[in-house]
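# Examination of the molecular architecture
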Amino acid sequence: MEIKNLSGGLSLNPNNEDFLAMQTQNDNTPPSYDDVFQYAKDLNYGELHFKIDKKTGLFAVVAIHSTKLGPAIGGCRCIPYASTQAAITDAVRLAYGMSYKAAICELPHGGAKAVLMRPPVIANRQAYFQSFAEFVNELNGRYVTAMDSGTDVNDMDIIATKTRYVTCTSEGGGGDPSPFTALGVKRGIEAAVKFKLGQDNLRDVHVAIQGAGHVGYYLARDLVEAGARVTMADINTANLERCKNEFKIEIVSPESIYEINCDVFAPCALGAGLNATTIPRLNTTIVAGAANNQLKDIDEDDKLLFERGILYAPDFLINSGGLIYAASVYDHGNFEQAKNHILNIYDALIKIFTRAKAEHKPTNHIAQVIADERLY
Ligand code: NAD
């Protein structure tokens, strides 16, 4: 069976409609598998747990891919699904991606995901998430839950009334991790610029950012501050205007962002934005951005970038700042330590770039091999 698509981010900003749409439509969702156990087996699972609570309307699955490196961590997604099969498959693939993300950034955690099949109406949100929290609690800490599409900090607070295996709560739980994701992406861009262009800083480096949402906004802020030249595009004019009003950036249309003559193309919007159609249009030497599942076909598009001489920063490492932050808040609550861990994305990427060059292999492939070495 062909297994693709490492995904997973503790996603965040769940109330943003664009974000929800992006997650559900553009997240490279594979077809639901008839034989979920076979699918899970092929992904080297792990555990699958289910809870049905008729009283609150809760239909939940928790997929724990691995606990080898520590308690499994991953967001709780609460969105409508076309079928039970689709929901379970989504949990299974997302938890798998979380394992790789946690492994590549050297977190003491395995990967997991909770999927709640959102009913048309949640009559009593408090009771609904308390019921889910009891489910999490019964897993005895093997699963740590967090925000994802369709859940927010208030839901995490409800969950925290019934279990301690939760992060992203309002009290000491960290709040919005997007600035930390952006910090990690900036570090990743610095590493790529050093490796590819031999430059120690971002002064006059031209970065084209696709997406001016939560991460894109903070990334633009940080890059401009570092002296980079920033061009942005978004289909949401309000998000774009906000950046334009606050930072010295240029704006182009969403269609032309792929063709901008730049040093770094930073995808911060869609999954599958890099594919056989868009990669040939790129006019850059580096791709380094926050989006999950940037490569539509992981192997083929990784190779395509490699053959074009474009240095690709593997998405599941460069966008791990938010996960590192949320996990650190849960593990030790030491913000300085969390920040240093995020800054280490620089070294982790340099290692991958160096090994990829030595072995003459695409970078995403090398990142997966390294994560595999840690996981198995
Ligand atoms: P967001 O919803 O706040 O922003 C996404 C932006 O992309 C929106 O402004 C949207 O209008 C824009 N967009 C959608 N389609 C577009 C297109 N065709 N062209 C240009 N812009 C388009 O989401 P976010 O939280 O900023 O996350 C961005 C990406 O990073 C997502 O793929 C997300 O999964 C990933 N990610 C985010 C975090 C985080 O901490 N927020 C962590 C890890 C990964």
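Located above this text is the structure these notes cover.
Residues numbered from 1 in each chain as written. Predicted model: local features only at pLDDT ≥ 70, side-chain atom pairs only at ≥ 80, totals over all residues. Heavy atoms only, no water.

### Comments concerning the sheet that holds strand S10 (residues 286-287)
The pairing of strands in a sheet comes from backbone hydrogen bonds and takes either a parallel or an antiparallel form. Strand order in the open sheet formed by six strands is S8-S7-S6-S9-S10-S11, and the pairing between neighbours is parallel. Either end of the sheet is taken by a strand with one partner, and the two such strands are strand S8 (249-251) and strand S11 (311-312). Relative to S10, strand S9 (residues 264-267) runs parallel, the two being bridged by two bridges. Opposite Val264, over in S10, you have Ile286 as the bridge partner. (Pairing = 2+ DSSP bridges. Helix = DSSP H or I, 4+ residues; strand = E, 2+ residues; numbered from the N terminus.)

### A word on the side chain of Thr284
With respect to the helices and strands, the residue Thr284 is situated in the loop between S9 and S10. For Thr284, the side chain forms a polar contact with the main-chain nitrogen of Val264, separated by 3.4 Å. The contact partners of Thr284, leaving out residues within four places of it in the chain, are Cys262, Asp263, Val264, Phe265 and Ile310. (Polar contact = N/O pair within 3.5 Å; in protein donor to acceptor, adjacent residues only side chain to side chain. Contact = heavy atoms within 4.5 Å.)

### Some words on the packing of aromatic side chains
The full count for this structure, using the stated rule, is nine aromatic pairs. Relative to Phe335, the ring of Tyr325 lies with its centre 6.0 Å away and its plane at 50°, an arrangement referred to as tilted. Here Tyr325 is found in helix H11 (residues 321-331), whereas its partner Phe335 is found in helix H12 (residues 335-343), with ten residues between them in sequence. Given a relative accessible area of 4%, Tyr325 falls into the buried group. Judged by relative accessible area, Phe335 falls into the partly exposed class, the value being 46%. Through successive ring pairs, a cluster of aromatic residues spans Phe180, Tyr325 and Phe335. (Phe/Tyr/Trp six-rings, centres within 6.5 Å; stacked < 30°, edge-to-face > 60°. Buried < 20%, exposed > 50% of the residue type's maximum accessible area, 1.4 Å probe, protein only.)

### Quick word on helix H7 (residues 214-225)
End to end, H7 covers 17 Å across twelve residues, agreeing with the expected 16 Å (1.5 Å per residue, within 8%). Of the positions making up H7, those classed as buried are Val215, Gly216, Tyr217, Tyr218, Leu219, Ala220, Asp222 and Leu223. Where H7 is buried, its residues touch helix H6 (178-197), strand S6 (206-210), strand S7 (229-233), helix H8 (237-246) and S9. (Expected span 1.5 Å × (residues − 1).)

### Here's the deal with the environment of Ser83
Looking at the element boundaries, Ser83 is found in the loop between strand S3 (72-79) and helix H3 (84-104). Judged by relative accessible area, Ser83 falls into the partly exposed class, the value being 26%. For the pair Ser83 and Val61, spaced 22 residues apart in sequence, the C-alpha to C-alpha distance is 13 Å.

### Observations regarding the sheet that holds strand S1 (residues 47-53)
An order of S1-S2-S4-S3-S5 is seen for the five strands of this open sheet, with the pairing classed as mixed. Whereas interior strands pair on both sides, the edge strands pair on one side only; in this sheet they are S1 and strand S5 (143-147). Averaged over all pairs of adjacent strands, the angle between strand axes in this sheet comes to 20°, irrespective of strand direction. Pairing of S3 with S5 involves five bridges; the strand directions are parallel. Among the inter-strand pairings, Gly74 is bridged to a residue of S5, identified as Thr145. Contacting S1, strand S2 (58-64), S3, strand S4 (110-117) and S5, helix H4 (residues 125-138) crosses the sheet at an angle of about 30° to S2. (Axes fitted to C-alpha atoms, helices over the stretch in contact; angles between N-to-C directions.)

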